[in-house]
Amino acid sequence: MHERFHAHLSVALAALVALAFAAVGVHPAPPQAQARDEADWARIQAPVALSLPRDHGSHPKVRTEWWYLTGLVRDEDGRRHGLQATIFRQGLDPRPAAPGDESLRARQAWAAHVAWLDVAEGKLRHVERVRREGLDLARGSTSMLDAKVDDVSLTMDEGGAIHVKAGAREEGYELVLVCSPTRPWTRHGGDGTSKKGPEPGNASMYLSATRLATTGVLRRLRPDGSWSETKLSGECWFDHEWGSSQLGEGVVGWDWLGLRLADGRDLMLYRLRTKDGGVLAQSSGTLVHPDGRLVHLSRGDFAIEELEHWTSPRTKGRWPVRLSISVPAHAVAMEATALAPDCELDGRASTGTIYWEGPVVLQGGVQGEGYLEVTGRAGSLEARF
Amino acid sequence: MIGSMVFQALFLRPLRRGPWRFLSTIVGVAAGVAAGVSTLAASRAALASLVEGVAEVSGVAAWELSMPGGMSVDEAARQASTAPLAVVAPVVEDLVVLEGLDDAVRLLGVDPLVDRHVRALRVEGDDEARRQEYWTAFQGLLAADGVCLSEPLARRLGLEAGDPVSLVLRSRRHETRLLATFPVPAQASALERVVVADIALVQAWRGDGRIDRLEFVPRPGVEPEALRARIESLAPTGAVVRRPAERAARTSGMVRSLEFNLTSLSGISLLVGAVLVATTLATSVVQRKATIALLLSLGASRRQLAGALLSEAALLGALGGLLGTLAGAQLARLFLPAMRQTYATVVPGAPQTEIALHWTDGAIGAALGMGAAFLAAILPLLEILRVPPIQALRAERPAFLSSRGLRLSIGLAAGFWFAAIELMRLPAWRGLPLWALASTLCVLGVMFALQGPLVDGLGRLGRRVAWLPPLRLALASLSAGRRRAAWAAGAVGVATSLSISIAVMVSSFRQSVVAWTDESLKADLSVRPALVATGVPLGGLDVEVERLTVETCGRDAVLPYHVAEAALGDRPIVLAGADFRLGAQRGPLQLVDDGRDERAVLAQAHERGEVLVNEALHAHSGLGTGDMLHVQVRGRNIARRIAGVVRDYGDSRGTVTMDLPDFLAAHPGHAPQQLAIFLADPAQAQATQAELQRKLAATHKVDVLLVRDLRAQVLEVFERTFAITGALQAVSALVALVAVLVVLHALVSERKKDLALLSALGASRLQIVGGVCMQAALLGLLGAGAGAVAGLVIGLVLVDVVNLQSFGWTLELVQPWWQVASTMLLVALACVVAALPPARAATAGRERLVLAEE
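Residues numbered from 1 in each chain as written. Chains lettered and ligands numbered in written order. Predicted model: local features only at pLDDT ≥ 70, side-chain atom pairs only at ≥ 80, totals over all residues.

Pairing of strand S17 (residues 285-288) of chain A with strand S18 (residues 294-297) of chain A, which is carried by 4 bridges, proceeds in the antiparallel orientation. Among the inter-strand pairings, Val 288 of chain A is bridged to a residue of S18 of chain A, identified as Leu 294 of chain A. (Pairing = 2+ DSSP bridges. Helix = DSSP H or I, 4+ residues; strand = E, 2+ residues; numbered from the N terminus.)

Let's shift gears to unusual backbone geometry. Residue and element names in this part refer to chain A. Residue Pro 53 is reached from Leu 52 by a cis peptide bond, and omega for that bond is 15°. Summarising the element assignment, Pro 53 is placed in the loop between strand S1 (27-28) and strand S2 (64-75). In this structure, Asp 136 takes a positive phi of about 65° despite not being glycine. Structurally, Asp 136 is set in the loop between strand S5 (123-132) and strand S6 (138-140). Classification of Asp 136 by C-beta neighbours within 10 Å gives partly exposed; the count is 16. Phi at Ala 331 is positive, roughly 55°, even though this residue is not glycine. By the secondary structure assignment, Ala 331 is in the loop between strand S20 (318-327) and strand S21 (332-338). (Buried ≥ 20, exposed ≤ 12 C-beta atoms within 10 Å, placed from the backbone.)

Let us look at the pairing of strand S23 (residues 354-363) of chain A. Along any regular strand, the residues point their side chains to alternate faces of the sheet. Residue and element names in this part refer to chain A. Here S23 lies mainly inside the structure; 8 of its 10 residues are buried. One ladder, built from 4 bridges, connects S21 with S23; its direction is antiparallel. For Ala 336, the partnering residue across the bridge sits in S23 and is Leu 362. Where S23 meets strand S24 (residues 368-375), 8 bridges bridge the pair, whose relative direction is antiparallel. Within S24, the residue paired with Pro 359 across the bridge is Tyr 371. Connecting the antiparallel pair S23 and S24 is a turn made up of 4 residues, with Gly 364 showing a positive phi of about 70°.

Residue and element names in this part refer to chain B. Looking only at helix H8 (residues 224-234), the buried set comprises Leu 227, Arg 230 and Ile 231. Viewed end-on, H8 has its buried residues packed into an arc of 95°, placing them on one side of the element. Set apart from the buried face of H8 by more than 90 degrees, the exposed residues are Glu 225, Ala 226, Ala 229 and Ser 233. Its buried side turned inward, H8 meets strand S1 (63-71), strand S2 (86-98), strand S8 (211-218) and strand S9 (240-242). (Arc of directions from axis to C-beta. Contact = placed C-beta atoms within 7 Å.)

Further remarks concern the nonpolar core. By size, the foremost hydrophobic cluster in this structure holds 153 residues, and its most contacted members are Ile 87 and Leu 175 of chain A together with Val 96 and Val 195 of chain B. Contact partners of Ile 87 of chain A, with chain neighbours within four places excluded, come to Trp 66, Trp 67, Trp 110, Ala 112, Ala 147, Val 149, Val 152 and Leu 154 of chain A. Counting 123 residues, the second-largest nonpolar core is a separate cluster that includes Val 656, Ala 676, Val 702 and Ile 768 of chain B. (Core = buried A, V, L, I, M, F, W, Y, C linked by C-beta atoms within 7 Å.)

All names here are of chain B. Averaged over all residues, the pLDDT of chain B equals 77, while 72% of them reach at least 70. Of all the helices and strands in chain B, helix H29 (residues 847-853) carries the lowest mean pLDDT, 52, while H8 carries the highest, 93. Predicted confidence is poor over residues 391-396, with pLDDT under 50, and the contacts of this stretch with residues over four places away or in other chains come to 8 contacts. Confidence metrics for the complex model read pTM 0.72 and ipTM 0.87. (pLDDT = per-residue confidence, 0-100.)

Residue and element names in this part refer to chain B. Along helix H20 (residues 598-608), the residues that are buried comprise Val 601, Leu 602, Ala 605 and His 606. Considered in projection along H20, the buried side chains sweep an arc of 135° and stay on one side of the axis. Away from its buried face, by an angle of more than 90 degrees, H20 presents the exposed residues Ala 600 and Arg 608. Phi for Gly 609, located one or two positions after H20, is positive at around 70°.

Structure follows, in structure tokens:
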């Protein structure tokens, strides 16, 4: 969870970093303290009583927040498609607007990532959006899930279904999805907060809908400007996390898995990798039983071993594409294999970060499917913070 | 074979034997072309600062949405649903003065997070090692902690990243720092003169939350017109959707009249140049009539003769054009500041640009030179085609104008006059005084048509002045070369008329402006933004300036004047706000000729919530006193009755002045453009000026002026605005002088046998020189006299028609008689001076040689 949190955080921040190149230029000023006082951001000090659906909305007093949908669906011909639609919020300035201040001061930056993988084709198509809050082009409601960045939006209806609209014209497609949770929301973390480190307050709130029955349409842009439509159906996973924590010292990357097991259980695992090749003690996971019962997994409760790698010809990043996963105490042992090796999202020209995010199938023990996210295997993360 | 002989006899030999004539004609054409090219190049560079920058600074945006006075956040937010079709980028843009650079540069307030989709302010390549520094700089930009400058601008100011930057926006000094520099895509890029800041920082500096425009970059596969339709359907009232280039066109449209008038003015120099070519070619034909006749007798075709003449014209035109283009490029550099100042009176604060000579300038120069030369060759060509083989072998003798020729000339002059009158009455063509300027050409046509009869009349006088040999000699010489003399007098006349008509226009303008400033500037002190290099104040005042001034002088002593943008239909206009109640007490306005008391009109407008419009608005809209006016102000339609039309030589776009409370209701928190201060004790003006300067110096860049200083400043701006017309005047005068020189040489050359005979018979050198100089003086006086009359008429057209159609201003016509007289005298003197080299040639002691040839 810690890793996942920062994975998303890194993407949001890196987007801003990269735009420094885009908008500013080659001879920057000597580094000077620009960041707002970290203490001004609210911290998750203790378990917070949740009020849903309000807490599905935005929490602008904390620094970072994201809503993250991943899923594996099929079209009417049985073709499999991997989907990702994410909205990030990054607080830039905790000071509230002064009375009468109508200016577009950048208090919150919003970003969105949309990706579609045609599994048979093996090609990932990815777009991104970034802008400051304002002008109704980037916003998030604080009373419900209603977040938007340009042409990417995530909203929740009164019945709890999540509606996704994701424009990706640059890559020639659009996604329109309706995702209905089929299980109660999962609150991760042993005591209701997801710890990010040993310090008090270094924690986040992390909620998941681990199974969402998904239907929708993939619209593809024809050369003549018209659209073709492909109906989709399948299952997705949705995360919502918010907090003001910072990445721990020495962390170089993380691996995250969100898996739906064929026996009805769901499993979230992450491990936070350190410079010396070790794994941080705060790495953890959650096992969700079909009846809604949650089991918090600590670092020692699970093991992840990399069995096979794929090296990107573009970035030379070496990404794990087959993993051995085990949670011995709960009879979980299996291999997760990427459905397509090339799920690398290279955002150096725009977001400045490179990560791998793609669907996996579970075999060799427990069957199932899910999504794998890996960061810190190409390029340095440290330079971006 | 015969073709080669024709070419040798008519072209190469005269060229070898009289290179000075050829060269001086080239210089004359070059001067005319230089005037044209330099005006075009300087005008283009001055316009580029207004126009080309618009497109470059707008990057790849296909459309932009804007409205007079800018949009509120809510109005802009209506466009959110266009996001699936386009990247939407909000922009605020203003002009600032950077410390160390006393000139305007663009301040571009953007959202750095989305701006990479629109503008080319980016860096190629990647530099891993410096990412941390980039991130810091970017954070600073986003956190509104600094600005970015182009690399060339930072170098020019000696600034490096991290250095403090001081800039003045709307008269208030702001201290910030340089976060980073960005490279510009090309030399002479408009982006060189751009300061980039976060949009919120610029909004904070301006003290408003307005957005000047939204820029739209269509996403792939989106039809631009479909996007436009979508934007329009969501746009607030009064907003305009257009391509950035259309904004550029609109800006250039604002100075179109000025540009047109200046180009027309430079065209007159070219006209004088064309007259010069015609004179040279005609002289060449007449001088070689015997040769032509001989060649015809030997079997040369008229086509071959015409070919030789046209070759000479082409060479004159091409060389003159080339030389003129090169000289024009240099002249343009001299003209540019004046041109910018001229344009700045319409569009204040145009950023600096450099003169860049384009290949088309060379082509234009050559085309102008060749065009003028070929046009000028028409009459000599007709003459060459009329030369009979045998009769032309007879020597030319003084011949007076036949009565048929006289009737033809007078008829032609009458035709031109009638055309001039009719053209003058026509309305402007697309806002340009095209017909009125054509009528001035017709006036010149009248003058040209009458030159023949006038020279003829002078020649006839020769019989009655036997008692003064030099004068008789001069008149006989003029009579013998009547056509050339008429051409030369015409060239002098054109230059004189240009000079006098400009003098009439400038004097009338000056007199009107002086009267207007005397009437309008009644305050003891004036506070306004400091002037920049273009001689105009940049932006308005800060609210703090008004607060401090009111604190120092008292509420009722301060009369603020506000200025904002508005639209009348699709035409941008100025919306002003002034306190009518205080104004009624002070009376600082001039109504246009309706006999009512200004104070009563202001009091009535205050009572009834009416507005005043200026002459320019009245001229282009036709709306006057008592009419209802409907203007779009910040997305709202406002209807007000017009209380009166006022004189205003400070604006040609059209201004509507509202009562201050009415104005502020539409523009809450708006800061004034300038403040007029009426002190209870005017003797305290200097002390108050010093006190205000002391209070404002540290935080603001404003001028606190005594009324006499303000008047002087207004007139200084006026003089600078018209500086360029003086330069064009000088160029055309130079061309005219060259014309006189060429013609006198030709006339002396024609009379060389007579002069040699006179010399052999005992005529003194003084008598011969006197004859030649008198001939020149007569030519000069004839041209100057006719030119003066034409100039006065053209001046009248410029003041009453061209000016009104261009700017909508009525001016008091002033005839500057002393200038008319001194110009005529100077022209005659210049002609005498120009006659000295030919006179010297006439007395070079070669009479025996000449007579021996005979």
